[in-house]
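Fold and contact review
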Amino acid sequence: MSLHLIKLAVGIRDLDHLTEVQAGRAHRTDGRSIVPVYTRRVPKRGEEILASGSIYWVIRGSVLARQRVLAIDTGVDEEGESYCTLSLDAELVPTVPTAHRPFQGWRYLDPQAAPKDLADAGGQGDELPPHLAAELRSLGLL
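Summary of the structure given here. (Residues numbered from 1 in each chain as written. Predicted model: local features only at pLDDT ≥ 70, side-chain atom pairs only at ≥ 80, totals over all residues. Heavy atoms only, no water.)

**Observations regarding the pattern of salt bridges**
All told, the structure shown has 4 salt bridges when counted by the stated rule. The partner of Arg40 in a salt bridge is Asp77, with the nearest N and O atoms 3.4 Å apart. In this pair, Arg40 is assigned in the loop between strand S3 (32-39) and helix H2 (46-50) and Asp77 in the loop between strand S5 (62-76) and strand S6 (82-89), connecting sequence segments 37 residues apart. A relative accessible area of 46% means that Arg40 is categorised as partly exposed. (Salt bridge = Lys/Arg side-chain N within 4 Å of Asp/Glu carboxyl O. Helix = DSSP H or I, 4+ residues; strand = E, 2+ residues; numbered from the N terminus. Buried < 20%, exposed > 50% of the residue type's maximum accessible area, 1.4 Å probe, protein only.)

Written as structure tokens, this is what we have:
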């Protein structure tokens, strides 16, 4: 059974901005575009994540997209601190916007709790302009 991660996209304004930032970090490996994401903690349940898991991005208080996790690697920086590299598929898949509170680092996300992909939502998640979605969230309507 697969497992997902959820992480805040700190400093990111909207989905287009996340795409732009990641384009600058992406590189090609084995004919595939990969986006590296660095974190201090290594997921202990890595095998479950690699079995078709994704990372879900919280942008300005809402889960708006996901990316497939392709690899989990570890390393040590110049200061002797260990770190983890999550290699993500460069394709961002929009999800049904789902409110989420802020948190630090990343968390595990059970597949049952994961937002549906926008394309599979059956019309229930037409994308709103970011400013309108933010206003509706602030009013408690989204």
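Now that the structure is up, let's keep going.
**Overview of the packing of aromatic side chains**
A full pass over the atoms with the stated rule returns 2 aromatic pairs. With 6.2 Å between their ring centres and 65 degrees between their planes, Tyr38 and Tyr83 make a pair best called edge-to-face. Highlighted residues: Tyr38 in strand S3 and Tyr83 in strand S6, separated in sequence by 45 residues. A relative accessible area of 55% means that Tyr38 is categorised as exposed. (Phe/Tyr/Trp six-rings, centres within 6.5 Å; stacked < 30°, edge-to-face > 60°.)

**Re unusual backbone geometry**
Backbone geometry places Asp30, a non-glycine residue, at a positive phi of 50 degrees. With phi around 80 degrees, Ser52 is a residue other than glycine that occupies positive phi space. Along the chain, the position of Ser52 falls in the loop between H2 and strand S4 (54-59).

**Observations regarding the pairing of strand S1 (residues 4-8)**
Put simply, side chains in a regular strand alternate between the two faces of the sheet. Summarising burial for S1: 5 of the 5 residues are buried, a large majority. Of the two faces of S1, both are covered, the one formed by His4, Ile6 and Leu8 as well as the one formed by Leu5 and Lys7. One ladder, built from 4 bridges, connects S1 with strand S8 (residues 106-109); its direction is antiparallel. Among the inter-strand pairings, Leu5 is bridged to a residue of S8, identified as Tyr108. Here 4 bridges tie S1 to S4, and the two strands are oriented parallel to one another. Opposite Ile6, over in S4, you have Tyr56 as the bridge partner. (Pairing = 2+ DSSP bridges.)

**Observations concerning the environment of Arg41**
Counting through the fold element by element, Arg41 comes out in the loop between S3 and H2. Taking the relative accessible area as the measure of exposure, Arg41 reaches 49% and is therefore partly exposed. Counting along the chain gives 41 residues from Arg41 to Ser82, while the straight-line C-alpha distance between them is 8.3 Å.

**What about helix H1 (residues 15-25)?**
Of all the positions in H1, only Leu15, His17, Leu18 and Gln22 are classed as buried. End-on view of H1: buried residues confined to an arc of 155 degrees, all on one side of the axis. Residues Asp16, Glu20, Ala23 and Gly24 are exposed on H1 and point more than 90 degrees away from its buried face. Taken together, the buried residues of H1 touch S3, S4, S5 and strand S7 (93-99). Measuring from the backbone nitrogen of Asp16 back to the side-chain oxygen at the start of H1 gives 3.2 Å, which picks out Asp14 as the cap. (Arc of directions from axis to C-beta. Contact = heavy atoms within 4.5 Å. Polar contact = N/O pair within 3.5 Å; in protein donor to acceptor, adjacent residues only side chain to side chain.)

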